[in-house]
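Reading the structure
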Amino acid sequence: MNWFDRMSERAARKMAHTTSRRSALRSIGRVLVGSALALPVLPFDRSGTAHAAELGKGKQSSDDPTSCEYWRYCALDGYLCSCCGGSVNQCPPGTEASKVSWIGTCHNPKDGVDYLISYNDCCGKTSCGRCLCNTNERERPGYRMGVHNDINWCMGNSNSTMFHCTTGTIVGVAE
């Protein structure tokens, strides 16, 4: 046994004789509580959110359903079915709408009304690969399944788990 092993063993045995489990847990607890009190005062960068807000102000809504700026696509994440052989609210031939969906509330600038939009993935073919949009206005974290758009919603279908594109269907007026 070399000198480093002997020294390490002696230090470990001494600590075991002089320290109890309760005192070790107490020390660990003090460190955790102390760090929890110090963490909120640490600085963090909010410039990315401000920059995104500025970009969003300058963005004009489009009347083109093949554009990500189309008002109905405010919470869409995926390929637009209107670019993949379908339409804004209809899946392309050879695909089927997912049994489950996520919901967004989008503002129509033409009539000034907020609409509830159901986003359904069209399943059964490989990804379309055209007109990818990722607009996450008012998206919620992943633990709120009905308002989170980063999930493969085709998992609810029995025979097709492949995502092709996404539709945005109006289901009602937001109150």
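Okay, so let's go over this structure. (Residues numbered from 1 in each chain as written. Predicted model: local features only at pLDDT ≥ 70, side-chain atom pairs only at ≥ 80, totals over all residues. Heavy atoms only, no water.)

Here's the deal with the overall build of the protein
Each helix and strand counted, the protein has three helices and six strands in total. The proportion of buried residues among the 175 residues of the protein is 30%. Within the protein, residue pairs in contact and separated by at least 24 positions form 68% of the contacts whose partners lie at least 6 positions apart. As displayed, the protein has an accessible area near 11,700 Å², and 57% of this comes from carbon and sulfur atoms. (Helix = DSSP H or I, 4+ residues; strand = E, 2+ residues; numbered from the N terminus. Buried < 20%, exposed > 50% of the residue type's maximum accessible area, 1.4 Å probe, protein only. Contact = heavy atoms within 4.5 Å. Areas by Shrake-Rupley, 256 points an atom, 1.4 Å probe, with all protein chains shown as cover.)

Topic: the pairing of strand S3 (residues 102-108)
Burial of S3 is one-sided: the residues Trp102, Gly104, Cys106 and Asn108 facing one way are buried, the residues Ile103, Thr105 and His107 facing the other way are not. Of the pairings in the sheet, the one linking S3 to strand S4 (residues 113-123) comprises seven bridges and is antiparallel in character. Pairing of Trp102 across the sheet is with Tyr119, part of S4. (Pairing = 2+ DSSP bridges.)

A word on helix H1 (residues 3-18)
The terminal C-alpha atoms of H1 lie 23 Å apart, and with 16 residues this matches the ideal 22 Å at 1.5 Å per residue to within 8%. Counted residue by residue, H1 has zero buried out of 16 residues, so it is predominantly exposed. One side-chain oxygen of the residue at the start of H1 lies 3.2 Å from the amide nitrogen of Phe4, identifying that residue as Asn2. (Expected span 1.5 Å × (residues − 1). Polar contact = N/O pair within 3.5 Å; in protein donor to acceptor, adjacent residues only side chain to side chain.)

Re the side chain of Thr166
Structurally, Thr166 can be placed in strand S6 (residues 163-173). Judged by its relative accessible area of 1%, Thr166 falls in the buried class. Beyond its immediate stretch of four places on either side in the chain, Thr166 contacts Leu76, Asp77, Gly78, Tyr79, Leu80, Cys81, Trp102, Tyr119, Asn120 and Asp121.

Notes on the packing of aromatic side chains
What characterises a pair of aromatic rings is the spacing of the ring centres plus the angle enclosed by the ring planes. The full count for this structure, using the stated rule, is six aromatic pairs. Judged by centre distance (6.0 Å) and plane angle (85 degrees), the ring pair of Trp3 and Phe4 falls under edge-to-face. The class of Phe4 is partly exposed, set by a relative accessible area of 47%. Considering the side-chain rings of Tyr70 and Tyr73, the 5.3 Å spacing of their centres and the 65 degrees angle between planes classify their relative orientation as edge-to-face. For Tyr73, a relative accessible area of 1% translates into the label buried. Pairwise contacts between aromatic rings join Tyr70, Trp71, Tyr73 and Tyr115 into one cluster. (Phe/Tyr/Trp six-rings, centres within 6.5 Å; stacked < 30°, edge-to-face > 60°.)

Looking at the environment of Gly94
Its location among the elements puts Gly94 in the loop between strand S1 (77-79) and strand S2 (96-97). With sequence-adjacent residues up to four places away left out, Gly94 is seen in contact with Cys123 and Lys125.

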